[in-house]
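Observations on the three-dimensional arrangement
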Amino acid sequence: MGSPGPRFAHHVSGMESKGNRLSGDACDRDWIWEREIETASAEDSFRLAAGAWERQFRRLRESSPFYARKFREAGLGSSFVGLADLQNLPLTGKHEFKTALEEDPPFGNNLCVEPNLVKRVYQTSGTTGSPNILALTRADMETWTVMGTRTYYATGIHEHSSVLSTFGAGPFVAGHTHFALLRIGSRTIPVAPGDTERVLFSLRAGIADTLLATASFAQYLANRLEKTDEQPSQIPLTHIVTGGEPGGGIPAIRDHIEKVLGVTVTEVMGIGDVAPSLFGECPHQQGMHFCGMGHVWPELIEPETLEPMEIETGAVGELVYTALTREAMPVVRFRGADIVRIEGTSCACERTTFRMRVLGRRDDMFIVRGVNVYPAAILSVVGDYRPRVTGRARVVRQAGEVSVTPPVPIEVEVPDGRESDPKLVDELTEAIHTKLVFRSQVTLVPETEFGEAGYKTKLTVSRS
Ligand SMILES: [Zn+2]
């Protein structure tokens, strides 16, 4: 054999020739955490999942009053439903857990184990005022860690990384990130969400080379350092992992952050009721890989008709999840409410799991003259007008309104003092019309009035 070249020989067409590691990473560890599982063939992945599902299905029938009833009401009788026929089972919506909780407090009748086996309880945001309960056994916590470790390792975080995390711990599942980072063996520096001063101190001091943050916060940081620092890219930060909202995958946002701070931006995503970290984007930056193999079974459905769709390149639909190994609170065909586009089913990094980007939340979608619009698309248009805009924007809708009659009211955040710029309003209105094909009514809102910078940005606000 000739030169001791890289181990990846094949090339996936259309991909930029980026490495399997982040630039500057010279370590010799495999860049895939669980190579056998993450590069398995579709047949092997299915076989692994099908075996787990068989056990899970029997358990649900015997131990979950919630699912036993759902299956009964769906007229299943006593027949076994295999993984290949999962679409014959009913979908589960988040709102159903509220009823489940009310019927059998404190955990709900979707609890599948003895209460004394519940070793961790998270409170997630419910669909209405009060929180939902998420109970985990020890094994459930371990399973989350396994999937989270694959996820963060896929982004390029390795043992030698030093990670500043602004993902909130508290009662929220995002705090589980720390278990995954501990498993990888990286250094972690936890900071509260939105604590800009501590983040800046840590980055300037060179304590961290990696930052975990929402896309909004990363964008805010880039905007702020662009103003205050002569050369913000001199800060010893090389990698930002965004999560909690779309944005890290939107070129207008990602490219700006990368350019200003001299970093690579990759994305992660999780779903509170399924797993806090379930998708991670590799350094090839072509969308987030599914990282739940063997523990979670994903399906794609058409969000209106609820018909199953093939997970294939270019498909757009809603992801639905089934927990194959979860003990305390398994979910079956749980609607994740994120509308995604499948970017591919192979990758130059050798992972065989599908890659995707989030287009937006199902609830955020609105319809203008028969065309579906996701507010995240507006960010891609607005981002091109930096530095006259900050990059944040939102749609104003009447409560519950899905079909919007143009002009669609859009608020665009601008630096303070720049709110009277009729030329910018015209340019934005024109660009939105050209690229997104609907008429809008743009209002410029100064930073001080737009609302809390630095955590998540709500893409839709309801006003009556
Ligand atoms: Zn990849």
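This one's a predicted model, so the numbers in the text were calculated from it and none came from an experiment.

1. Observations concerning the nonpolar core
Within the largest apolar cluster, 50 residues are counted, with the highest numbers of intra-cluster contacts made by Ile240, Ile257, Phe366, Ile378, Val412 and Phe438. Non-local contacts of Phe366, meaning those with residues more than four positions away in its chain, are made with Val371, Asn372, Val373, Pro375, Ile378, Val395, Arg397, Val402, Val404, Val408 and Phe438. Of all hydrophobic cores here, the second largest spans 48 residues; its members include Leu83, Val173, Ile271 and Tyr321.

2. Considering the sheet that holds strand S9 (residues 288-290)
In spatial order, the strands read S4-S3-S5-S6-S7-S8-S9-S14-S13-S12-S10-S11; together these 12 strands make up an open sheet with mixed pairing. Each edge of the sheet is formed by a strand with only one pairing partner; in this case those strands are strand S4 (187-190) and strand S11 (308-309). Pairing geometry for strand S3 (residues 162-165) and strand S5 (residues 210-213), over 3 bridges, is parallel. Paired with Leu164 across the bridge in S5 is Leu211. Sitting on the sheet, helix H5 (residues 138-154) is in contact with S5, strand S6 (239-242), strand S7 (264-271), strand S8 (275-281) and strand S10 (296-301), with an inclination near 25° to S8. On top of the sheet, helix H9 (residues 251-261) reaches S6, S7, S8 and strand S14 (355-361); it is set at about 135° to S7, its chief contact.

3. Quick notes on the pattern of salt bridges
Following the criterion strictly, the structure yields 30 salt bridges and no others. Across the pair Lys94 and Asp273 runs a salt bridge whose closest N-O atoms are separated by 2.7 Å. In this pair, Lys94 sits in the loop between helix H3 (65-73) and helix H4 (95-103) while Asp273 sits in the loop between S7 and S8, placing the two residues 179 residues apart along the sequence. For Lys94, a relative accessible area of 24% corresponds to the partly exposed category. On the basis of relative accessible area, Asp273 is assigned to the buried category, the value being 4%. For Asp421, the salt bridge identified is with Arg388, shortest N-O distance 3.9 Å. Within this pair, whereas Asp421 is found in the loop between strand S18 (408-414) and helix H11 (422-436), its partner Arg388 is found in the loop between helix H10 (375-382) and strand S17 (393-397), the two being separated by 33 residues in sequence. One salt-bridge network, held together by shared partners, links Arg388, Asp421, Lys423 and Glu427.

4. Focus: the coordination of the zinc ion
Distances from the zinc ion to its protein donors, Cys282 (SG), His289 (NE2), Cys347 (SG) and Cys349 (SG), fall at 2.1 to 2.4 Å. Bound by 4 donor atoms, the zinc ion shows angles of 100 to 116° at the metal and therefore tetrahedral coordination geometry. For the zinc ion, the single-chain donor residues occur in sequence as C-x6-H-x57-C-x1-C. Within this pair, whereas Cys282 is found in the loop between S8 and S9, its partner Cys349 is found in the loop between strand S13 (334-344) and S14, the two being separated by 67 residues in sequence. Given the relative accessible area of 1%, Cys282 is considered buried.

5. Section: the environment of Ser233
Among the secondary structure elements, Ser233 is positioned in the loop between helix H8 (215-228) and S6. Separated by 27 residues in sequence, Ser233 and Val260 place their C-alpha atoms 6.0 Å apart. In this structure, Ser233 is in contact with Val260, Leu261 and Gly262, ignoring residues within four places of it in sequence.

6. What about the pairing of S3?
What you see with S3 is no split at all: Ser162 and Leu164 on one side and Val163 and Ser165 on the other are buried throughout. Bridge count between S3 and S4: 4 bridges; the pairing is parallel. Considered in S4, the bridge of Val163 is made with Thr188. Between the parallel elements S3 and S4, the chain passes through helix H6 (residues 177-184) in a crossover that is right-handed.

7. Remarks on the packing of aromatic side chains
Throughout the structure, instances matching the rule amount to 16 aromatic pairs. Aromatic pair Phe66 and Tyr67: ring centres 4.8 Å apart, planes at 90°, arrangement edge-to-face. For the pair formed by Phe66 and Tyr67, the shared burial category is buried. Judged by centre distance (5.8 Å) and plane angle (45°), the ring pair of Phe66 and Phe97 falls under tilted. Taken together, the positions of Phe66 in helix H3 and Phe97 in helix H4 put the pair 31 residues apart, joining distant regions of the chain. For the pair Phe66 and Phe97, a shared accessibility class is recorded, and that class is buried. Linked through ring pairs, Trp53, Phe57, Phe66, Tyr67, Phe71, Phe80, Phe97 and Phe334 together constitute an aromatic cluster. Over the face of the ring belonging to Trp31 we find Arg35, whose NZ or CZ atom lies 5.2 Å from the ring centre. Lying across the ring of Phe450, Arg394 places its NZ or CZ 3.7 Å from the centre.

What counts as what
- Residues numbered from 1 in each chain as written.
- Predicted model: local features only at pLDDT ≥ 70, side-chain atom pairs only at ≥ 80, totals over all residues.
- Heavy atoms only, no water.
- Core = buried A, V, L, I, M, F, W, Y, C linked by side-chain atoms within 4.5 Å.
- Buried < 20%, exposed > 50% of the residue type's maximum accessible area, 1.4 Å probe, protein only.
- Contact = heavy atoms within 4.5 Å.
- Pairing = 2+ DSSP bridges.
- Helix = DSSP H or I, 4+ residues; strand = E, 2+ residues; numbered from the N terminus.
- Axes fitted to C-alpha atoms, helices over the stretch in contact; angles between N-to-C directions.
- Salt bridge = Lys/Arg side-chain N within 4 Å of Asp/Glu carboxyl O.
- Donors = N, O, S within 2.8 Å, 3.2 Å for Na, K, Ca; no water.
- Tetrahedral: all angles 85-135°; square planar, octahedral: opposite > 155°, others 65-115°.
- Right-handed = clockwise from strand over helix to strand, strands pointing away.
- Phe/Tyr/Trp six-rings, centres within 6.5 Å; stacked < 30°, edge-to-face > 60°.
- Lys NZ or Arg CZ within 6 Å of the ring centre and 35° of its normal.

These values are about where atoms sit, not about what they do.
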